[in-house]
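Chain residues, written in single-letter form:
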Number of protein chains: 2
Amino acid sequence: MSQTRIHSGLIEPDGGKLVELFVDESQRDLKRKEALNLPKIKLTKIDVEWVHVLSEGWASPLKGFMRESEFLQTLHFNSIRLEDGSVVNMSVPIVLAIDDSQKNQIDGSSSVALVVDGNNPIAILTDIEIYKHNKEERIARTWGTTAPGLPYVDEAITHSGNWLIGGDLKVIEPVKYHDGLDSFRLSPSELRDEFTRRNADAVFAFQLRNPVHNGHALLMIDTRRRLLEMGYKNPVLLLHPLGGYTKEDDVPLHWRMKQHEKVLEDGVLDPETTVLSIFPSPMHYAGPTEVQWHAKARINAGANFYIVGRDPAGMSHPLEKRDLYDADHGKKVLSMAPGLERLNILPFKVAAYDKTKNGMAFFDPSRPQDFIFISGTKMRTLAKTKESPPDGFMCPGGWKVLVEYYDSLDQAENGGVPA
Amino acid sequence: MSQTRIHSGLIEPDGGKLVELFVDESQRDLKRKEALNLPKIKLTKIDVEWVHVLSEGWASPLKGFMRESEFLQTLHFNSIRLEDGSVVNMSVPIVLAIDDSQKNQIDGSSSVALVVDGNNPIAILTDIEIYKHNKEERIARTWGTTAPGLPYVDEAITHSGNWLIGGDLKVIEPVKYHDGLDSFRLSPSELRDEFTRRNADAVFAFQLRNPVHNGHALLMIDTRRRLLEMGYKNPVLLLHPLGGYTKEDDVPLHWRMKQHEKVLEDGVLDPETTVLSIFPSPMHYAGPTEVQWHAKARINAGANFYIVGRDPAGMSHPLEKRDLYDADHGKKVLSMAPGLERLNILPFKVAAYDKTKNGMAFFDPSRPQDFIFISGTKMRTLAKTKESPPDGFMCPGGWKVLVEYYDSLDQAENGGVPA
């Protein structure tokens, strides 16, 4: 059922092979019929995103939603030991919650059907294991806090069932979103093909969930320069915005994608050496724990270099006036994480607006007075109030998209219809 | 400064050598003088217990209170990667907290003196590193909850300083308690010598913080039997009560030691094949996280088998009416824990009072009606009310000690002086 592909030249997937969990086309009708007779579990939007993630092998070598032994290793060790004794990184629980009545309905069945709207079965979970969903412990060990107001917790955990169901996943219907962006959703296997086609001898991944400004661009261009200096002939950038669940005040995916396309059109990044694709995972905002997942998944997609910045996957503490995580912990934890030894971690240099150059530049601590830091909040305020950012902060096409987005929000707030 | 010893035959200490952190006798006066000129940190009782633990190498290869990289690896991975790439288990932070004024007082000094009552320096911490003490994150990741009422948290974390200070520890004054029990406090090195002297070819450790009843004894005797069957010629039991901080309603160490001695005197356990010693660590009550520490420390003391029971290091949830940890998670986590692959985990069989045998026996699920489970709470109630437990539950000498202990409590409550 699970297909494996090996690409020579690129970094090996975790566990040695990429685990895809699709049912063969020839078997789909059969499996659909099989699913009709199984107990059904209705998936939430985030559950479907995880089915997507698992099905394409981003979490290789996971073969489905976690059973308890995988869940416990994830919570306690941020890694999973394989049968051969080797260790792969796995920092974020990929689990499926069910409630008491669903559990009762499953009764003694060893398989369940996973369904979306209209009871359409998209996958089967086999050899299932049902175990307790201790939400408090899961939250505490994943986020390092149990403070109310964590976005993913509010969205996907607090009101979820008291049981978790793990098992082997067989996906009948590959997940599609029909939002005009599916062509950007390359699977790890497709990305590996693309990197091979481009003869990439190094792949460096940049995870983002925000618009790209020239500081980001500078850093990506500089990374390529450094890799060339190291002797690589053709380093390729995987520009990899996260496409799953994000919190309400983040810029929505389709606006971000418009903005990223403009950045490529305006020539800020070179399309020849850049692959723009969508990473289908939902966002946890779990800082040092989550950044490991972001890095690990990119190994499976063929990246052997990972750029990490200040406070990755971080946010403000939901109750206290401070960042939830120490800004340096993400890169420190990443550099020590079990199972990520093969990945080259490239810590971010801080870029800021250099008034002497009218553009973004790496911050020079010997002349701090020359630099302006433009935070995400500041950027949003400028775009909302239609003020222009300093020249050279972002390419004009990209900036225009952001202004349009905040315009659409205003119209929505004033009773209009957002684009 | 750090001395190493290698004993052939016994399991290797973590990191390959036992790290003892005592200053050579000849250097002590020098170091005492040196300490006088250093900024001073006053230790709490629990801090002193950790100095004891570190100094004797229970936490080998740790060389002192954790620096940030060790602290982060402990919180996120329950293990630490060594320079040679190998991994040792380390699940519980061994850290020293200081407050803002202490931090200011240290200023630019690279070493500090650790003092107890009367400013008596017992150790020096060198090459120090001071970093933030994020208490919420430490608690959440160690206990899997931040609920108020965790005993160690209330005692040692909540009111501690906002900074942690790590560094290399040089102990000038080996920690002694002068409570009549110091002769039971064998260091890992002394235990290794004792096991070697006894020609042990297997050492199985039993961690406890409660009185020993015949169910425990049965299990320890049965373990020895199993080890003999496996072909070991002389398995030795390390009966290893925890001697550091425990919560208020646990039986105090000196009463427990009296009880354990009676168990040996009464011949329930064979003194020839049992080493009774005190494990100097304070107790976290952190369940699956802490049981790894309990096991790892015993590797350093020469044990290659570790007995693990139901809900090890567990307690009730401080707010909710349930156990804080799933009763099976301890042994599951222990069996998967990084750095403990070398240790043989022996899961507990459940023993209960068998009415057909008038004694403790392994529970037989085919005839549940024949068994009575006597919980710790039930045992305490019986001892307090001077009722006798069923014949064969505990040796009479051991039971008498418990009755005396609860008598002494009553006297104290009634204005008398406890023994």
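- Per an unreviewed UniProt entry, chain A carries the name sulfate adenylyltransferase and comes from Solanum tuberosum.
- UniProt, in its Pathway (unreviewed entry) section for chain A, records the words "Sulfur metabolism."

**A look at the pairing of strand β9 (residues 235-241) of chain A**
All names here are of chain A.
At step 1: A large share of β9 lies buried, amounting to seven of its seven residues.
At step 2: Residues of β9 alternate between two faces, with P235, L237, L239 and P241 on one and V236, L238 and H240 on the opposite face, all of them buried.
At step 3: As defined by bridge partners, strand β8 (residues 202-208) adjoins β9 across seven bridges and the pair is classed as parallel. Note that in β9 the partner of Q207 across the bridge is H240.

**Side note on helix α9 (residues 253-265) of chain B**
All names here are of chain B.
At step 1: Between the first and last C-alpha of α9 there are 18 Å, a value that for 13 residues agrees with the 18 Å anticipated at 1.5 Å per step.
At step 2: Along α9, the positions that sit buried rather than exposed are L253, W255, R256, M257, Q259, H260, V263 and L264.
At step 3: Directly after α9, the chain includes G267, whose backbone phi takes a positive value near 80°.

**Considerations on the packing of aromatic side chains**
At step 1: Per the stated rule, a full pass over the model turns up 24 aromatic pairs over all chains.
At step 2: When the centroid spacing of 6.2 Å and the interplanar angle of 70° are considered together, the rings of Y152 of chain B and Y245 of chain B count as edge-to-face. Of this pair, Y152 of chain B sits in helix α6 (residues 151-157) while Y245 of chain B sits in the loop between β9 (235-241) and α9; the two residues are 93 residues apart in sequence, bridging distant segments of the chain.
At step 3: Grouping aromatic residues by their ring pairs yields a cluster made of W50, W58, F279 and W293 of chain A.
At step 4: Over the ring of W163 of chain A we find K103 of chain A; its NZ or CZ atom is 4.3 Å from the centre of that ring.

**Things to note about the relation of the copies chain A and chain B**
At step 1: Mapping chain A onto chain B leaves a residual RMSD of 0.0 Å; the transformation is a rotation of 180° accompanied by 0.0 Å of translation along its axis. In the structure described here, the two chain copies are related by an operation that fits a two-fold rotation axis.
At step 2: Mapped onto chain B, 100% of the interface residues of chain A again fall at the interface, so both copies present the same surface.

**Some details on the sheet that holds strand β14 (residues 359-362) of chain B**
Residues and elements named next belong to chain B.
At step 1: Taken in spatial order, the three strands of this open sheet run β14-β13-β15, and their pairing is antiparallel. At either end of the open sheet lies a strand with only one pairing partner, and these are β14 and β15 (371-372).
At step 2: As judged from the four bridges shared by strand β13 (residues 351-354) and β14, these two strands associate in the antiparallel manner. Across the sheet, the residue bridging to Y353 is M360, located in β14.
At step 3: Helix α8 (residues 214-229) rests against β13 and β14 of the sheet, and its axis sits at about 50° to β14.

**Notes on the interface of chain A and chain B**
At step 1: Contacts between chain A and chain B engage 36 residues on the former and 36 residues on the latter.
At step 2: The largest per-residue losses of area from chain A upon contact with chain B belong to F77, R141 and M336 of chain A, which jointly make up 22% of the total buried on that side.
At step 3: Counting across the interface, chain A meets chain B through eight salt bridges.
At step 4: A salt bridge links D326 of chain B to K132 of chain A; the shortest N-O distance between them is 3.6 Å.
At step 5: The tally of links between chain A and chain B comes to 22 residue pairs in polar contact (both at pLDDT 80 or more).
At step 6: Classifying every residue of the side of chain A that touches chain B gives 12 nonpolar, 14 polar and 10 charged.

**Here's the deal with the UniProt feature "domain: ATP-sulfurylase PUA-like" (unreviewed entry) in chain A**
At step 1: Here, UniProt's "domain: ATP-sulfurylase PUA-like" (unreviewed entry) annotation points to residues 11-173 of chain A.
At step 2: Across residues 11-173 of chain A one finds 33% helix and 23% strand; the C-alpha atoms that close the span lie 29 Å apart.

**Remarks on the UniProt feature "domain: Sulphate adenylyltransferase catalytic" (unreviewed entry) in chain A**
At step 1: According to UniProt, the "domain: Sulphate adenylyltransferase catalytic" (unreviewed entry) feature falls on residues 183-405 of chain A.
At step 2: End-to-end, the C-alpha atoms of residues 183-405 of chain A are 22 Å apart, and along that stretch the chain is 36% helix and 16% strand.

**A short note on the sheet that holds strand β6 (residues 120-132) of chain B**
Residues and elements named next belong to chain B.
At step 1: In spatial order, the strands read β1-β5-β6-β7-β4; together these five strands make up an open sheet with mixed pairing. Looking at which strands have only one partner, the edges of the open sheet turn out to be β1 (40-42) and β4 (97-98).
At step 2: Sheet analysis places β1 next to strand β5 (residues 112-116), joined by three bridges and oriented parallel. Looking at the pairing, K42 lines up with V115 of β5.
At step 3: Along the sheet, helix α1 (residues 28-36) makes contact with β1, β5 and β6, crossing β6 at roughly 55°.
At step 4: Contacting β1, β5, β6 and β7 (163-171), helix α2 (residues 45-56) crosses the sheet at an angle of about 50° to β7.

Rules used throughout
- Residues numbered from 1 in each chain as written.
- Chains lettered and ligands numbered in written order.
- Predicted model: local features only at pLDDT ≥ 70, side-chain atom pairs only at ≥ 80, totals over all residues.
- Heavy atoms only, no water.
- UniProt positions renumbered as here; feature names shortened; annotations may be inferred.
- Buried < 20%, exposed > 50% of the residue type's maximum accessible area, 1.4 Å probe, protein only.
- Helix = DSSP H or I, 4+ residues; strand = E, 2+ residues; numbered from the N terminus.
- Pairing = 2+ DSSP bridges.
- Expected span 1.5 Å × (residues − 1).
- Phe/Tyr/Trp six-rings, centres within 6.5 Å; stacked < 30°, edge-to-face > 60°.
- Lys NZ or Arg CZ within 6 Å of the ring centre and 35° of its normal.
- Least-squares fit on C-alpha atoms with pLDDT ≥ 70 in both.
- Contact = heavy atoms within 4.5 Å.
- Axes fitted to C-alpha atoms, helices over the stretch in contact; angles between N-to-C directions.
- Buried area = accessible area lost by both parts, 1.4 Å probe.
- Salt bridge = Lys/Arg side-chain N within 4 Å of Asp/Glu carboxyl O.
- Polar contact = N/O pair within 3.5 Å; in protein donor to acceptor, adjacent residues only side chain to side chain.
- Nonpolar A, V, L, I, M, F, W, Y, C, P; charged D, E, K, R; others polar.

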